[in-house]
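Summary of the model geometry
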Amino acid sequence: MLTWFGVGGAVIAVVGLIVVIVMNLTTGLPGSTPPRPDGPDESLPPLAAACPPPTEAPPEGKEAPAYEGEVTVDQVSGISYRAYGDPWMGWHQNWTSGELQVSYTVGQYFVTENYPGGQYLASILSGSVPAAVNDGTDLDLKCVSEQVVADVRDNYYPQPNTMENIRNEAVTLGGRPAWIREFRLSFDGEGLAATDELVGVALIDVGRAEAAVLYVSIPGTHSEYDHVVDEVMESVRPTD
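Thresholds, definitions, all that
Residues numbered from 1 in each chain as written. Predicted model: local features only at pLDDT ≥ 70, side-chain atom pairs only at ≥ 80, totals over all residues. Heavy atoms only, no water. Helix = DSSP H or I, 4+ residues; strand = E, 2+ residues; numbered from the N terminus. Buried < 20%, exposed > 50% of the residue type's maximum accessible area, 1.4 Å probe, protein only. Contact = heavy atoms within 4.5 Å. Areas by Shrake-Rupley, 256 points an atom, 1.4 Å probe, with all protein chains shown as cover. 1 Å grid on protein atoms, 1.4 Å probe; cavity = no way out; pocket = protein on both sides within 12 Å on 5 of 7 lines; lining within 4 Å. Points joined across faces, edges and corners; volume = space filled by probe spheres on them. Nonpolar A, V, L, I, M, F, W, Y, C, P; charged D, E, K, R; others polar. Pairing = 2+ DSSP bridges. Expected span 1.5 Å × (residues − 1). Phe/Tyr/Trp six-rings, centres within 6.5 Å; stacked < 30°, edge-to-face > 60°. Core = buried A, V, L, I, M, F, W, Y, C linked by side-chain atoms within 4.5 Å.

**A short note on the overall build of the protein chain**
Scanning the protein chain for helices and strands turns up four helices and eleven strands. The buried share of the protein chain, reckoned over its 240 residues, is 40%. Long-range contacts, defined as pairs at least 24 residues apart, comprise 60% of the intrachain contacts of the protein chain with a sequence gap of at least 6. When the accessible surface of the protein chain is split by element, carbon and sulfur atoms take 54% of a total near 13,300 Å².

**Details of the layout of surface pockets**
Approximately 300 Å³ is the volume found for the largest pocket. Lining the largest pocket are 14 residues; nearest its centre among them are W95, Q119, L121, Y156 and Y215. Elements supplying a minimum of two residues to the lining of the largest pocket: β6 (118-130) and β10 (210-219). In terms of residue class, the lining of the largest pocket is built from nine nonpolar, four polar and one charged.

**Remarks on the pairing of β10**
For β10, the buried fraction is high: nine of the ten residues fall into the buried class. Relative to β10, β6 is paired through eight bridges, and the arrangement is antiparallel. Paired with V129 across the bridge in β10 is A211. For strand β9 (residues 196-204) and β10, the ladder comprises eight bridges, and the chain directions are antiparallel. Across the sheet, A202 pairs through a bridge with L214, a residue of β10.

**Brief notes about helix α3 (residues 141-155)**
If you check α3, its first and last C-alpha atoms are 21 Å apart, about what 15 residues at 1.5 Å a residue would give, namely 21 Å. What α3 keeps buried is the set L141, C143, V144, S145, V148, V149, D151 and V152.

**Observations concerning the packing of aromatic side chains**
Each pair of aromatic rings is reported with the distance of its centres and the angle of its planes. Under the definition given, this model contains 13 aromatic pairs. On the basis of an interplanar angle of 40 degrees and a centroid distance of 5.7 Å, the ring pair of Y104 and Y215 is categorised as tilted. One end of the pair, Y104, is in strand β5 (residues 102-115); the other, Y215, is in strand β10, and 111 residues separate them in sequence. When the centroid spacing of 6.3 Å and the interplanar angle of 80 degrees are considered together, the rings of Y115 and Y120 count as edge-to-face. For Y115, a relative accessible area of 24% translates into the label partly exposed. Clustering of aromatic rings is evident, with ring pairs tying together Y84, W88, F110 and Y225.

**Looking at the nonpolar core**
Counting residues in each nonpolar core, the largest one holds 31 residues, and the members touching the most others are V148, Y157, V201, L203 and Y215. If near-sequence neighbours (up to four positions away) are discounted, Y215 is found in contact with W95, Y104, S123, I124, L125, V152, Y156, Y157, E197, V199, G200 and V201.

**Section: the sheet that holds strand β1 (residues 71-74)**
Reading across the sheet, the three strands line up as β1-β2-β11 and stay open at both edges, with antiparallel pairing between neighbours. In this open sheet, the two strands that pair with only one neighbour each are β1 and β11 (237-238). Judged from the two bridges that link them, strand β2 (residues 79-82) and β11 form a sheet pairing that is antiparallel. Across the sheet, the residue bridging to I79 is P238, located in β11.

These results come straight from atomic positions and should not be treated as a statement about function.
This is the structure in structure tokens:
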């Protein structure tokens, strides 16, 4: 009898050990870390995490001729684009805004009105934002564009606002793959004469882990400058 009790105890111990191992591998034991489902890598920049590399390479563009005329050169972002005379002035600040923290350090602007919240501007600004995984340079420009435009709408303008989509397409700017979004936002800001604004946002693949961002904004009070949005986009050239 003692022998059978001993054998039975050994069998129970082995079965119990197997159950413990299986539980630990599947649901985890108290104090252990259960397996995590696949998801965005939180160690990556927000855009790289939200927009993984595309499965297909973007079409290669043809090298564009140099733009003839005055240009603004943004070596950090890797693009240049058309520059304008009076009333436009050079931008010499580091404006960082939104959840994505895009930093605009180069461009032009002019003041369209003074209101209780400060100065309201028309602007042509460029910056860059990390958008690739690790050291890669493959960018999902459509996805990145959607994220940046959402950030612009939510954080740059009075809330609530409504959007009229004008342009949303893959293009080639200066021979480089790009994605352009053009839209008009309508809003009601306290003490603000402008109630709408034409906005252009281009994401340009300049062969780096960072996408170049070109942001153009023309308040409705100065709609005679609406043509600037398309002109600036068409004038984009890579600096490298």
